Amino acid sequence: MDKIYLNNLQFYAFHGLNAEEKVLGQRFNVDVVLHTDTKKAGYSDKMEDSIHYGHAYKAVKAVVEGENFNLIEALAEHIAIALFARFDGLQACQVKVTKPDPPIVGHYDSVAVEIYREREGS
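1. Observations regarding the sheet that holds strand S4 (residues 111–118)
Strand order in the open sheet made by the four strands is S1-S2-S3-S4, with antiparallel pairing throughout. The sheet is open, and its two borders are formed by strand S1 (2–13) and S4, each paired with just one other strand. If you compare each strand with its neighbour and ignore which way they point, the axes differ by 15 degrees on average. The strands touched by helix H3 (residues 53–64) are S1 and strand S2 (26–36); relative to S1, the strand with the most contacts, the crossing angle is about 40 degrees.

Take a look at the structure:
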């Protein structure tokens, strides 16, 4: 399966378990891999034969900046659900949500969750 990548999408949102996270918010980075057949688009050179990157970005943004979740696992899952709902040609997707500044005492770059989902019935 061919892949379309959306790398390091950056948002400010209010997800997390702690009350401070829900009030102050923080940065979230999202990477998405869209698994789809791009052969028809490669021959036709027509946008309707592929997945529009801008529309995919807007779908991710709507989820990340919309409803607040306690867990980044839930955030990733809802991003995948939104992408499948928006794009009929999407066969599978990989979603990685990175939290660069979680409220954890220690030395680290970030924490992240990555999921892989396939369209049901495929």
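Still to come is the rest of the account.
2. Focus on the packing of H3 against helix H4 (residues 72–86)
Two numbers describe a pair of packed helices, the interaxial angle and the distance between the axes. Across the interface, H3 lies against H4 with an axial gap of 9 Å and an inter-helix angle of 140 degrees. Looking at the two axes, H3 sits oblique to H4. The crossing of H3 and H4 is right-handed. Contact residues: H3 offers His55, Ala56, Ala59, Val60, Val63 and Val64, while H4 offers Leu75, His78, Ile79, Ala82, Leu83 and Arg86. Residues that form the contact of H3 with H4 fall into these classes: nine nonpolar, two polar and one charged.

3. With respect to the nonpolar core
Counting 31 residues, the largest nonpolar core has Val30, Leu34, Val60, Ile79, Leu83, Val95 and Val97 as the members making the most contacts within it. Here this core takes eight residues from H4, the largest share from any one element. Once residues lying within four places of it in the same chain are set aside, the contact partners of Leu83 are Val32, Leu34, Ala56, Ala59, Val60 and Leu90.

4. Observations concerning the side chain of Asn29
Structurally, the position occupied by Asn29 is in strand S2. Accessibility expressed as a relative area gives 13% for Asn29, which makes it buried. Every residue in contact with Asn29, bar those within four places of it in the chain, is listed here: Asn8, Leu9, Gln10, Lys96, Val97, Thr98 and Pro100.

Scoring rules and cut-offs
- Residues numbered from 1 in each chain as written.
- Predicted model: local features only at pLDDT ≥ 70, side-chain atom pairs only at ≥ 80, totals over all residues.
- Heavy atoms only, no water.
- Pairing = 2+ DSSP bridges.
- Helix = DSSP H or I, 4+ residues; strand = E, 2+ residues; numbered from the N terminus.
- Axes fitted to C-alpha atoms, helices over the stretch in contact; angles between N-to-C directions.
- Contact = heavy atoms within 4.5 Å.
- Parallel < 35°, antiparallel > 145°, perpendicular 65-115°, else oblique.
- Left-handed = near helix turned anticlockwise from the far one by under 90°.
- Nonpolar A, V, L, I, M, F, W, Y, C, P; charged D, E, K, R; others polar.
- Core = buried A, V, L, I, M, F, W, Y, C linked by side-chain atoms within 4.5 Å.
- Buried < 20%, exposed > 50% of the residue type's maximum accessible area, 1.4 Å probe, protein only.

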